[in-house]
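Observations on the three-dimensional arrangement
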Amino acid sequence: MSTLAPLRLLREPWNASEGNQSNATVGASGGWCQGLDIPNELFLALGLVSLVENLLVVAAILKNRNLHSPTYYFICCLAVSDMLVSISNLAEMLFVLLLEHGVLVMRPSIVRHMDSVIDMLICSSVVSSLSFLGVIAVDRYITIFYALRYHSIMTLQRAVVTMASIWLASTVSSTVLITYYRSNTILLCLIGFFLFMLVLMLVLYIHMFALARHHLHSISSQQKPPTAHRGGSLKGAVTLTILLGVFFICWGPFFFHLILIVTCPTNPICTCFFSYFNLFLILIICNSVIDPLIYAFRSQELRRTLREVVTCSW
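For every chain, the first residue of the written sequence is number 1, and numbering continues from 1 onward in sequence order. Only residues with pLDDT of at least 70 get local features here, since the model is predicted, and only at 80 or more are side-chain atom pairs given and counted; chain-wide, interface and lining totals rely on the full set of residues. Side-chain metrics in this entry use all non-hydrogen atoms of the structure; hydrogen atoms and water are not considered.

As annotated in an unreviewed UniProt entry, the protein chain is Melanocyte-stimulating hormone receptor from Edolisoma coerulescens. UniProt positions are given in the numbering used here, feature names are shortened, and annotations may be inferred rather than shown by experiment. Recorded under Sequence similarities (unreviewed entry), the UniProt text for the protein chain is reproduced unchanged: "Belongs to the G-protein coupled receptor 1 family." Per its UniProt entry, the protein chain bears the Function (unreviewed entry) comment "Receptor for MSH (alpha, beta and gamma) and ACTH. The activity of this receptor is mediated by G proteins which activate adenylate cyclase."

This part covers the overall build of the protein chain. By the criteria applied, helices consist of DSSP H or I runs no shorter than four residues and strands consist of E runs no shorter than two, each listed in order from the N terminus. Assigned secondary structure in the protein chain consists of twelve helices and zero strands. If you list the helices and strands of the protein chain from N to C, you get α-α-α-α-α-α-α-α-α-α-α-α. For each residue, the accessible area found with a 1.4 Å probe, counting protein chains only, is set against the maximum for its type, and the residue is called buried under 20%, exposed over 50%, and partly exposed in between. Counting every position in the protein chain, which comprises 314 residues, the buried fraction comes to 44%. Contacts were defined at the residue level, with two residues in contact if any of their heavy atoms lie within 4.5 Å. In the protein chain, 82% of the contacts between residues at least 6 apart in sequence involve partners at least 24 apart. In short, Shrake-Rupley with a 1.4 Å probe defines the accessible areas, and a residue's cover is counted only from the protein chains shown. Total accessible area on the protein chain stands at roughly 16300 Å², and carbon and sulfur atoms take up 68% of it.

So, about the packing of aromatic side chains. Centres within 6.5 Å make a pair out of two Phe, Tyr or Trp rings, where for Trp the six-membered ring is used; the pair is then stacked when the planes are under 30 degrees apart, edge-to-face when over 60, and tilted otherwise. Taken as a whole and assessed by the stated rule, the structure comprises nine aromatic pairs. One aromatic cluster in this structure is built from Phe194, Phe247, Trp251, Phe254, Phe255 and Phe277.

Let's shift gears to the nonpolar core. Take the buried residues of types Ala, Val, Leu, Ile, Met, Phe, Trp, Tyr and Cys, join any two whose side-chain atoms come within 4.5 Å, and each joined set is a nonpolar core. Of all hydrophobic cores here, the largest spans 77 residues; its most connected members are Tyr205, Phe247, Trp251, Tyr295 and Leu302. By residue number, the principal contributor to this core is helix 5 (residues 108–145), which donates twelve residues. Once residues lying within four places of it in the same chain are set aside, the contact partners of Trp251 are Val126, Ser129, Leu130, Leu133, Phe194, Ile284 and Asn287.

Right, let's talk about the pattern of salt bridges for a bit. Any Lys or Arg side-chain nitrogen located within 4 Å of an Asp or Glu carboxyl oxygen qualifies as a salt bridge. Going through the model one piece at a time under the given rule, you end up with three salt bridges. Between Glu301 and Arg304 there is a salt bridge, with the nearest N and O atoms lying 2.7 Å from each other. Residue Glu301 and its partner Arg304 are both found in helix 12 (residues 300–310); the two are separated by three residues, about one turn of the helix. Since its relative accessible area comes to 25%, Glu301 is described here as partly exposed. A relative accessible area of 33% means that Arg304 is categorised as partly exposed. Salt-bridge contacts for Arg304 lead to Glu308; the nearest nitrogen and oxygen are separated by 2.8 Å. Residue Arg304 and its partner Glu308 are located together in helix 12, separated by four residues, close to a single helical turn. It is possible to trace a salt-bridge network through shared partners that takes in Lys63, Glu301, Arg304 and Glu308.

By secondary structure assignment, the location of Phe132 is in helix 5. Judged by relative accessible area, Phe132 falls into the buried class, the value being 0%. Residues Phe132 and Leu78, spaced 54 residues apart in sequence, show a C-alpha to C-alpha distance of 5.6 Å. With near-sequence residues (within four places) excluded, Phe132 lies in contact with Phe74, Cys77, Leu78, Ser81, Met163, Ile166 and Trp167.

Right, let's talk about the UniProt feature "transmembrane region" (unreviewed entry) in the protein chain for a bit. Taking the UniProt record as the reference, the feature "transmembrane region" (unreviewed entry) is found at residues 42–62, 74–97, 117–138, 159–179, 185–212, 233–261 and 273–297. Structurally, residues 42–62 is divided into 100% helix and 0% strand, and its ends, taken at the C-alpha atoms, are 30 Å apart. Within residues 273–297, the helical portion is 88% and the strand portion 0%, while the C-alpha atoms at the span's ends are 35 Å from each other.

Here you go:
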């Protein structure tokens, strides 16, 4: 499958000479280094599923006034970011297929312009999606540790400023990334951003889990027999594992790919890893499919509204 221009060039590092790349590829020509052939149909199917899921989330939040709060606005923005991942994937695939089959004929300059627009869309959606995952973690943290002051801390005005800032920063950063994608400095900034979000989510969710565990322990110590503590701790551990596990599994390989481009562009083992680039893109799209299941569909109020949206009970 043809991928977006910056991502396509990230498939193989530019900071290695052509001869060294060829030698590395030959030296790493083992069976598992041949990459993974992912059919276009899989990209298309996942993109459509993600698009429908996240569109339903946005429609449900807009429909139900009870969901018009900062928490659900952040979830709505995450859904929009994931929708952009799907839309950009579908648009790029359709664009490439039309060009390859001669249905769409354009001058090279127009093709490059369209390619840049799609590139900006996907890059912006990636940055904004990561940002809103972090914002949702912070919002949940404030909800738990500052419950009585939540509405004074997370006001609607602050939420709007946060969302607008993220979208603006995502647009600017995607433009810079597309323009200077050959710069290791830009890649290091992107890698640092991912690591920051990973550490932020790890610290906040573990702290929240520790508080919940302590609370359950206090309750169970007053019960005979104390069974609630064990079951509640297990449920909390499973939830924490799912949240952080999905984030790391879906985003980790792509950013590890970027790390290898910076650190070992000609190493045979790194070259093998580069050949699985399409798999890393699939994982990012899978994340946009899973996000609604973790952050949105677990809400009873939102599920009820979703049923009304699906059955057209307006």
